[in-house]
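For reference, the chains in residue letters:
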Amino acid sequence: MVPRGAKSAPRSYDQYCAVARGLDVIGDRWTLLLVRDLLLGPKRYKDLLSGLPGIGTNLLADRLRELEGAGLIERTVLPPPAGSTVYQLTEAGQALEPAVVALGRWGARFMGPPRKTDVLVPRAYFVAMRGVFNPQAAAGLTGTYEVRIADLAFEVRVAGGRLSTSEGRATNPDAILTLAVETLNALMFQLLTPAAALASGRVKIEKGDQKALERFVKVVGFHKGLGNARTSARG
């Protein structure tokens, strides 16, 4: 038992193995979800807290301190007029993107329909888009989308058969889409068609033509090859 006030020793698998060493750093609960959210750009402490329901302030502070100590994140101050202190990934932290995306692709087979206790977290979908992106469907397509969900905004950029996502207002967007996270979930899992979403008012297009949503879903919707995510989501 660790005496009160004393710091516990860092947890380790004590194996001379790259997998074990990696898990020593990122294997704790919530750690990879923090990395997931920071892949979309720098975040204030309160943004990370609100985006991870259930983590608790003390645990978040601990995880951030551990990640900073491991050299995966760093603190910086945004330029004026914001001037806020934010956390951002270092080069070593950014290097986790392929692992996070691959884990998401693998985990999709276990999704099934949302459980009653599940929270639909908007940021998670914009990281997931990097894994489900369909380059073939995006052939010849160039466009920038601003997607607004509640008080959050995200930029999704498609060009040259590649996709990038980030949090924040888009620069010169070709289309601005406003919708709820539940609607985004239904569109990505192909449980709702773009036409039905527009007709029912579940998606509003502030800028861009009526085909913008169709093009967007075409490149970021779940497709064959991602386990049984789509089938399971349909129940």
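Being a predicted model, the structure only gives us computed values, none of them experimental.

### Looking at unusual backbone geometry
So, step 1. Between Pro 80 and the following residue, Pro 81, the backbone shows a cis peptide bond with an omega angle of 5°.
So, step 2. Positive phi outside glycine occurs at Asn 172, with the angle close to 50°.
So, step 3. By the element assignment, Asn 172 lies in the loop between β5 (162–167) and β6 (175–179).

### Points about the nonpolar core
So, step 1. With 55 residues, the main nonpolar core has Phe 126, Met 129, Tyr 145, Leu 184, Leu 213 and Phe 216 as its most contacted residues.
So, step 2. The element contributing the most residues to this core is helix α10 (residues 212–220), with six residues.

### Comments concerning the environment of Ala 212
So, step 1. Residue position: Ala 212 is located in helix α10.
So, step 2. Judged by its relative accessible area of 1%, Ala 212 is buried.
So, step 3. For the pair Ala 212 and Phe 189, spaced 23 residues apart in sequence, the C-alpha to C-alpha distance is 18 Å.
So, step 4. When sequence neighbours within four positions are dropped, the list of residues in contact with Ala 212 reads Tyr 145 and Ala 175.

### Some thoughts on the environment of Arg 109
So, step 1. Relative to the assigned elements, Arg 109 resides in the loop between α6 (97–107) and α7 (122–132).
So, step 2. Sequence spacing of Arg 109 and Leu 33 is 76 residues, and the spatial spacing of their C-alpha atoms is 18 Å.
So, step 3. Only 3.0 Å separates the side chain of Arg 109 from the backbone oxygen of Trp 106, close enough to count as a polar contact.

### Focus on the sheet that holds β6
So, step 1. Pairing is mixed across the open sheet formed by five strands, whose spatial order is β5-β4-β3-β6-β7. The open sheet has two edge strands, β5 and β7 (203–207), and neither has a second partner. Across this sheet, the average inter-strand angle for adjacent strands is 20°, counted without regard to direction.
So, step 2. Those strands touched by helix α8 (residues 181–188) are β3 (143–149), β6 and β7, and its axis lies near 110° from that of β6.
So, step 3. Across the sheet, α10 lies against β3, β4 (152–159), β5, β6 and β7, angled at about 95° from β3, the strand it touches most.

Parameters at a glance
- Residues numbered from 1 in each chain as written.
- Predicted model: local features only at pLDDT ≥ 70, side-chain atom pairs only at ≥ 80, totals over all residues.
- Heavy atoms only, no water.
- Helix = DSSP H or I, 4+ residues; strand = E, 2+ residues; numbered from the N terminus.
- Core = buried A, V, L, I, M, F, W, Y, C linked by side-chain atoms within 4.5 Å.
- Buried < 20%, exposed > 50% of the residue type's maximum accessible area, 1.4 Å probe, protein only.
- Contact = heavy atoms within 4.5 Å.
- Polar contact = N/O pair within 3.5 Å; in protein donor to acceptor, adjacent residues only side chain to side chain.
- Pairing = 2+ DSSP bridges.
- Axes fitted to C-alpha atoms, helices over the stretch in contact; angles between N-to-C directions.

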